[in-house]
Amino acid sequence: MMSNRELILNIAVNLGRLGRWACEGRLGRLNQFMEETEGYINQLEKTAKSPRFQKTFDIFKENFDRARSSRQVDSIWAETMFTWANILTHRASLV
């Protein structure tokens, strides 16, 4: 079982990949990594988190769900992935 910090960093790495592939127009792998990321999110949901991180996590989940259901994968979508990758990388220490 991965620690919360490892789960968060794995999510962040995947978000960076998703953003990069969206920018490059390589949409074939998006579903695979969206599913993998969703698995990490589901694991993280079941763990105890600090109140400071919980707030960030709740907002992230809403944004991720919106991005997952979006049919328009463009530069704005990619920027959202990059932004959350950055936020989660920095907030991983708050777990």
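Below you will find a few notes about this structure. (Residues numbered from 1 in each chain as written. Predicted model: local features only at pLDDT ≥ 70, side-chain atom pairs only at ≥ 80, totals over all residues. Heavy atoms only, no water.)

Examining the packing of helix α1 (residues 4-24) against helix α2 (residues 30-45)
When two helices pack together, their arrangement is captured by the angle between the axes and the distance separating the axes. Let me state the cut-off plainly: The axes are straight lines fitted to the C-alpha atoms, using for helices just the contacting stretch, and the angles between their N-to-C directions are given from 0 to 180°. Elements are defined by DSSP. Helices are runs of H or I of four residues or more, strands are runs of E of two residues or more, and each kind is numbered from the N terminus. What sets the label is the angle itself: under 35 degrees gives roughly parallel, over 145 gives roughly antiparallel, 65 to 115 gives roughly perpendicular, and the rest give oblique. Helix crossings get a hand from a simple test, with the near helix turned counterclockwise from the far one by less than a right angle marking a left-handed crossing and a clockwise turn marking a right-handed one. Should any heavy atoms of two residues lie within 4.5 Å, those residues are counted as being in contact. Ten residues, namely Ala, Val, Leu, Ile, Met, Phe, Trp, Tyr, Cys and Pro, are considered nonpolar, four, namely Asp, Glu, Lys and Arg, are considered charged, and the remaining ones, Gly among them, are considered polar.
In the contact formed by α1 and α2, the axes pass within 9 Å of each other and the chain directions differ by 160 degrees. Accordingly, the angle class assigned to the pair α1 and α2 is roughly antiparallel. Between α1 and α2 lies a crossing of left-handed hand. Between α1 and α2, the contacting residues are Asn4, Leu7, Ile8, Asn10, Ile11, Asn14, Leu15, Arg17, Leu18 and Trp21 on the first element and Leu30, Phe33, Met34, Glu36, Thr37, Tyr40, Ile41, Gln43 and Leu44 on the second. Taken together, the residues that form the contact of α1 with α2 break down as 12 nonpolar, 5 polar and 2 charged.

A closer look at the pattern of salt bridges
To be explicit about the condition: Any Lys or Arg side-chain nitrogen located within 4 Å of an Asp or Glu carboxyl oxygen qualifies as a salt bridge. Three labels apply to residues, based on accessible area from a 1.4 Å probe with only protein chains included: buried if under 20% of the type maximum, exposed if over 50%, partly exposed otherwise in between.
One pass over the structure, following the stated rule, counts 3 salt bridges. Residue Arg26 pairs with Glu24 through a salt bridge whose shortest N-O separation is 3.1 Å. Among the residues examined, Arg26 registers a relative accessible area of 44% and is labelled partly exposed. Here Glu38 makes a salt bridge to Arg68, at a shortest N to O gap of 3.1 Å. In this pair, Glu38 sits in helix α2 while Arg68 sits in helix α3 (residues 51-69), placing the two residues 30 residues apart along the sequence.

Quick word on the packing of aromatic side chains
Here a ring pair, both rings aromatic, is described through the centre-centre distance and the interplanar angle of the planes. The condition that has to hold: Between 30 and 60 degrees the pair is tilted, below 30 it is stacked and above 60 it is edge-to-face, where a pair is any two Phe, Tyr or Trp rings, Trp via its six-membered ring, whose centres lie within 6.5 Å.
Under the counting rule described, the total for this entry stands at 4 aromatic pairs. Here Phe60 and Phe64 contribute two aromatic rings whose centre-to-centre distance is 5.8 Å and whose plane-to-plane angle is 40 degrees, an arrangement assigned as tilted. Residue Phe60 and its partner Phe64 are located together in helix α3, separated by 4 residues, close to a single helical turn. Exposure remark for Phe64: the relative accessible area of 1% places this residue in the buried category. Feature note: the residues Phe60, Phe64 and Trp84 constitute an aromatic cluster, connected by ring pairs.

Considering the side chain of Thr37
Threshold: Two N or O atoms count as a polar contact when they lie within 3.5 Å, although within protein this holds only if one can serve as hydrogen donor and the other as acceptor, and sequence-adjacent residues are included solely when both atoms are side-chain atoms.
By the secondary structure assignment, Thr37 is in helix α2. Its relative accessible area of 0% is what places Thr37 among the buried residues. A distance of 2.6 Å separates a polar atom in the side chain of Thr37 from the backbone oxygen of Phe33. Beyond its immediate stretch of four places on either side in the chain, Thr37 contacts Ile11, Asn14, Leu15, Leu18 and Phe64.

Points about the packing of α1 against helix α4 (residues 75-91)
At their nearest, the axes of α1 and α4 sit 8 Å apart, and the two run at 160 degrees to each other. Between α1 and α4, the crossing angle belongs to the class labelled roughly antiparallel. The handedness of the crossing between α1 and α4 is left-handed. Between α1 and α4, the residues in contact are Ile8, Leu9, Ile11, Ala12, Leu15, Gly16, Leu18, Gly19, Arg20, Ala22 and Cys23 and Trp77, Ala78, Met81, Phe82, Trp84, Ala85, Leu88 and Thr89, respectively. Per-class residue counts for the contact of α1 with α4 are 15 nonpolar, 3 polar and 1 charged.

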